[in-house]
Amino acid sequence: MSDPVPLLELRHVVKRYGAVTALADGNLACGRGSIHAVLGENGAGKSTLIKVISGVVQPDEGEMLLDGTPVRFSNPLDAQARGIVCVFQELSLIPDLSVADNIGLVSPPRRFGLIDDRAQRRRAEQLLARVGVEGIDPRARVRDLPLSRRQMVEIAKALGRDPKLLILDEATSALTSEDVGRLSDLLLRLRREGMCILYISHRMHEIRALADTCSVFTNGRHVASFETRAHGEDEIVRMMIGREVSQVFPPRPAAPATPLAPVLSTHDLGWEDRLRGISLAVAPGEILGLGGLDGQGQREFLLALFGGLGGCTGEIRVDGKPVTPGSPLAAKAAPLGIALIPEDRKTEGLMLAMSVADNLTAATLSRWRRGPLLDRARERSAVGDIIRRMQIKAVPSLPVATLSGGNQQKVVIGKWLLDEPRILLLCDPTRGIDVGTKQEIYRLLRELADGGCAILLYSTDYHELIGLCERVAIFYGGRVVRTLEGDGITEEAIIASALDIHPTTQPAA
Amino acid sequence: MNGSDIRLFARHNAIPLLAGAVFAAMFVLYLALQPRGVTVGTLVTASNKGVLLALIACAQTLPVLTGGIDLSVGAIAVLANCLASTLLGGSGLSLVGGVAATLAAGALAGGFNAVAVVWGRLQPIIATLATSSIFYGISLLLRPDPGGDINDDFASALTGDIHGIPTTLIILLAVLLLFWLPFRRTLIGRGVYAVGSAEAAAYMSGVRIARSKACAYVLSGVLASLAGLLLTLIAESAQASAIQAGDLTLNAIAAVVIGGTSLFGGIGGLVGSVIGAFILRTIGDLLFVLAASPLWQPLFQGLILLAAVSLGAIPLLRNRNRLESFR
């Protein structure tokens, strides 16, 4: 499997941003016809490593060899010209252009010097078919596609450049499990055809299934490279975080003897054609999971509860009284007390250019008011408290954009904890976040529930639903097709219900 | 084109199509109320006024598509006007040279903007505000007093009609057909949209960002100088007027927005801006034939502009997902 001269080799690569050393000792060697996984917590230097390889940033020290000859890329175009193509975690699609335009963005088929639309569309169709998503219309605008479809387009676009080295940076984080299956087949096929694939993911079972070799990074340093099967999952996780993971999920408390009255319930809730008669209830101290394939109405359901959707039908009740939250402002105020941790932390969760402190107090400004002015001292002490409680690694006065993904997500959650919500809605809160931070978030959710908060958790990671939730409502086509409880929450049951292949007790449409 | 192609086209071009319908209605009304009836003369006059603003609106559209703006388009037109008034007195080759020199001056001015915005990394709004003053300053030096010496035959040929079709309209159509339609399908044209829609994503995809942006400003300069050239031929004189430069710039921005180009970049095109410019010009003419007092004209013009821009906001009202309003 290992050739004498690897396709790509990095030796002692160093990258500093000002005083911060993001990559202290980057070593890597990967050969043709192999899938190489790069593992590490957020902030371990994986992203910087990828950026160096794909020409986004230039290394300060060390050398990079392609086919045994030293190379240096001054921009992504340089790297692409040498056959290195990256599928970025932050999508590199242009929202206002069509799918076909995006796939052919840099080197479209041309006739008489002009872009040949017809040929371009045919090529897009071929590439989409190759990735296994023939259903996407190449004429559709990327803006109009859901996130999971965009990610598949992104992969098709990368393949269109005939890469020798394909880098997938958290490329599966937004995919449905069905797409992950398609992608796995595709990657194994590409490997047989001789492509070298660099695979970055937090999903251990995908890595176990796909990768030939693993390289682990911690604190910007390369720790070890080994054949995937040489070490067990626990060992690999230990290498990544340098400490024992005793228990991934906190223990569930015993169910109360008499069930508590629900604090939030919906009755036949509908919106456009995305929500069709959802009736669910959640009690104080309960974590209710929302599961199913991606894009089956879970996001819309949470948005509807938080006042983000206009024109809902049916009823939402808080404490048994019908309410119609008309905006997030109304939803968060007493007597509702609802908070939503949104799907996209960079656009909906944070004001990236503002400081950590300003972000943390953004949802609760009226509390820190004295007369018409903000009381800076009280604001500061509240910020200090929440940073300690959440163990956020950050300087309060720096822009929140400078934090790692995991710490950014902690800021989003911390912002709403300051508001002491009675009902907490979370939309896939651990997407693209490292193992350590995930566990902290799990512990925090359990603490909040124990404190009497009612929690609705939508997650694309089945293990989270299994490990955290008392009940899981499976969405399919805007309906709840099945509710799993207690020991009935198994991976098989979730997957089966998500595909709607079990006979349901709900009346069919 | 099959049915689904047409539906997709209509959905992606809703605002320009609507603007086109509004313009058609306004222009038919204007022609119907026109006391002297529809003659080639009325069409030529309407075309000359409309095409002038339309070209400047086209010039403005390119930088706006990249997510920038060019506050100097009016000043470049005035500069071209003043320059042309000193170069278009002769005949034959000297005329051709004069036209070429005027357009080259526009390209140079646009190039100056491109250097400031693309390589100087200055914010377009402030960089072009500054260069607009520079261009106006040069116009003043070129032509301290109004006037000019222009070849009469050339001027009447280009501002008259060919078989009843206004010549200026033909020039505008030539710009759209021979420049814009092919340009959209070049890599640079695609890059203009990509940069305006998502600059970081375009960079990560290896799009040549600087080249596309710079081209947008240079071509903007050329189109603005073409407008200045027409202005010279229509007026047969030139004046270094800061008021006119500002007026043209602001009306061009209004025309761009009415035509459905997003000020955030990435969406829209020249055709919409041309329609927007025609709508703006027809407002004035309509008020005139309706015998409204000239005192009322600016007020009406403002109200109608506001109404037109509100049309573009209608899709927002239909947004059932409230988060969509912020995209």
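Treat the numbers as computed from the prediction; the structure is a model and nothing was measured.

Points about the overall build of chain B
Assigned secondary structure in chain B consists of 14 helices and 2 strands. Relative to the globule expectation of 20 Å for 327 residues, the C-alpha radius of gyration of chain B, 20 Å, shows essentially globular dimensions. Considered along the principal axes of its C-alpha atoms, chain B spans approximately 60 × 50 × 40 Å. The long-range fraction of contacts in chain B, counting pairs at least 24 apart against all pairs at least 6 apart in sequence, stands at 79%.

Brief notes about the overall build of chain A
For chain A, the count of helices and strands is 17 helices and 24 strands. For 509 residues, the compact-globule formula gives about 23 Å, and the C-alpha radius of gyration of chain A, at 24 Å, lands near that figure. Expressed along its principal axes, the backbone C-alpha trace of chain A runs to roughly 70 × 55 × 50 Å. Expressed as a percentage of the 509 residues in chain A, the buried residues total 48%. Partitioning the contacts of chain A with sequence separation of at least 6, the portion at a separation of at least 24 is 67%.

Side note on the domain arrangement of chain A
Splitting chain A by domain gives domain 1 (8-241), domain 2 (247-337 + 421-509) and domain 3 (351-418). Once you take the C-alpha centre of each, domain 2 of chain A and domain 3 of chain A turn out to be 26 Å apart.

Structural notes on the sheet that holds strand 22 (residues 454-458) of chain A
All names here are of chain A. Spatial strand order, 18-21-22-15-23-24: 6 strands in an open sheet with mixed pairing. Both outer strands of the open sheet, strand 18 (338-341) and strand 24 (479-485), are each paired with one neighbouring strand and no more. Adjacent strand axes in the sheet meet at a mean angle of 20°, parallel and antiparallel pairs treated alike. As judged from the 4 bridges shared by strand 15 (residues 287-292) and strand 22, these two strands associate in the parallel manner. Across the sheet, the residue bridging to leucine 290 is tyrosine 458, located in strand 22.

Things to note about helix 12 (residues 242-258) of chain B
Residue and element names in this part refer to chain B. Taking 1.5 Å of rise per residue, the 17 residues of helix 12 would be expected to cover 24 Å, and the 24 Å separating its terminal C-alpha atoms lies within 8% of that figure. Among all positions of helix 12, only Ala245, Leu248, Thr249, Asn251, Ala252, Ile253, Ala254, Ala255, Val256, Val257 and Ile258 are buried. A positive phi of about 95° marks glycine 260, the residue just after helix 12.

A word on the sheet that holds strand 14 (residues 275-282) of chain A
Residues and elements named next belong to chain A. Sheet architecture is open: 4 strands sit in the order 14-13-16-17, paired in antiparallel fashion. Strand pairing shows two members of the sheet lacking a second neighbour, strand 14 and strand 17 (321-323), which therefore form its edges. Direction aside, the axes of adjacent strands within the sheet are offset by 25° on average.

What to know about the interface of chain B and chain A
Contact with chain B, which involves 22 residues of that partner, is made by 24 residues of chain A. Taken together, the elements giving at least two residues each to the side of chain B that touches chain A come down to helix 9 (187-197) and helix 10 (199-204) of chain B. In the side of chain B that touches chain A, the residues fall into 12 nonpolar, 6 polar and 4 charged.

A closer look at the nonpolar core
Soluble globular proteins tend to pack their nonpolar side chains together in the buried interior. Among the nonpolar cores identified, the biggest contains 156 residues, and Leu55, Ile56 and Ala227 of chain B are the most heavily contacted of them. The element contributing the most residues to this core is helix 11 (residues 209-235) of chain B, with 16 residues. Those residues in contact with leucine 55 of chain B that lie beyond four places of it in its chain are Leu172, Leu223, Leu226, Ala227 and Leu230 of chain B. Counting residues in each nonpolar core, the second largest holds 75 residues, with Val282, Val318, Val411 and Trp416 of chain A among its members.

Comments concerning the environment of glutamate 348 of chain A
By the secondary structure assignment, glutamate 348 of chain A is in helix 11 (residues 345-349). Since 15 C-beta atoms lie within 10 Å of it, glutamate 348 of chain A is described here as partly exposed. For glutamate 348 of chain A and proline 253 of chain A, which are 95 residues apart along the polypeptide, the C-alpha to C-alpha distance reads 33 Å. Setting aside its immediate chain neighbours within four residues, glutamate 348 of chain A contacts Pro342 and Glu343 of chain A together with Leu323 of chain B.

What to know about the packing of helix 5 (residues 93-119) of chain B against helix 6 (residues 124-142) of chain B
All names here are of chain B. The interhelical angle for the contact between helix 5 and helix 6, taken along N-to-C directions, is 145°, at an axis separation of 10 Å. By crossing handedness, the relation of helix 5 to helix 6 is classed as right-handed. Contacts between helix 5 and helix 6 pair Ala109, Phe112, Asn113, Ala116 and Val117 from the former with Pro124, Ala127, Thr128, Thr131 and Phe135 from the latter. Of the residues contributing to the contact of helix 5 with helix 6, the split by class is 7 nonpolar, 3 polar and no charged.

Some thoughts on the environment of arginine 208 of chain A
All names here are of chain A. One can find arginine 208 in helix 7 (residues 204-210). Separated by 20 residues in sequence, arginine 208 and leucine 188 place their C-alpha atoms 13 Å apart. Contact partners of arginine 208, with chain neighbours within four places excluded, come to Thr228 and Glu233.

Let's talk about unusual backbone geometry
All names here are of chain A. A cis amide bond links alanine 334 with the next residue in sequence, proline 335, at an omega value of 0°. Tracing the backbone shows proline 335 in the loop between helix 10 (328-332) and strand 18. Its identity as a non-glycine residue notwithstanding, histidine 12 has a phi of 50°, on the positive side. Position of histidine 12 relative to the elements: it lies in strand 1 (residues 8-17). One non-glycine residue with positive phi stands out, namely aspartate 428, at about 50°. Looking at where aspartate 428 falls in the secondary structure, it is placed in the loop between strand 21 (423-427) and helix 15 (435-450).

Regarding the confidence of the model for chain B
The predicted structure's coordinates, where accompanied by low pLDDT, should not be read in detail. On average, residues of chain B score 90 in pLDDT, and 96% of them are at 70 or above. On the interface metric, ipTM, the complex scores 0.79, and its pTM is 0.76.

Quick look at the confidence of the model for chain A
Residue and element names in this part refer to chain A. The pLDDT averaged across chain A works out to 87; a share of 94% of its residues lies at or above 70. A low-confidence stretch, residues 243-247 stays under pLDDT 50, and its non-local contacts, those more than four residues away or across chains, total 2 contacts. Between residues 503-509, whose pLDDT stays under 50, and residues either more than four places distant or in other chains, the model counts 4 contacts.

Quick word on the pairing of strand 16 (residues 313-318) of chain A
Residues and elements named next belong to chain A. Pairing of strand 13 (residues 264-271) with strand 16, which is carried by 5 bridges, proceeds in the antiparallel orientation. Its bridge partner lying in strand 16, serine 265 is registered against arginine 317. Of the pairings in the sheet, the one linking strand 16 to strand 17 comprises 3 bridges and is antiparallel in character. When the sheet's bridge partners are listed, valine 318 is paired in strand 17 with lysine 321.

About the criteria used
Residues numbered from 1 in each chain as written. Chains lettered and ligands numbered in written order. Predicted model: local features only at pLDDT ≥ 70, side-chain atom pairs only at ≥ 80, totals over all residues. Helix = DSSP H or I, 4+ residues; strand = E, 2+ residues; numbered from the N terminus. Rg over C-alpha atoms; globule rule 2.2 N^0.38 Å. Contact = placed C-beta atoms within 7 Å. Buried ≥ 20, exposed ≤ 12 C-beta atoms within 10 Å, placed from the backbone. Domains from an automatic or database assignment. Pairing = 2+ DSSP bridges. Axes fitted to C-alpha atoms, helices over the stretch in contact; angles between N-to-C directions. Expected span 1.5 Å × (residues − 1). Nonpolar A, V, L, I, M, F, W, Y, C, P; charged D, E, K, R; others polar. Core = buried A, V, L, I, M, F, W, Y, C linked by C-beta atoms within 7 Å. Left-handed = near helix turned anticlockwise from the far one by under 90°. pLDDT = per-residue confidence, 0-100.

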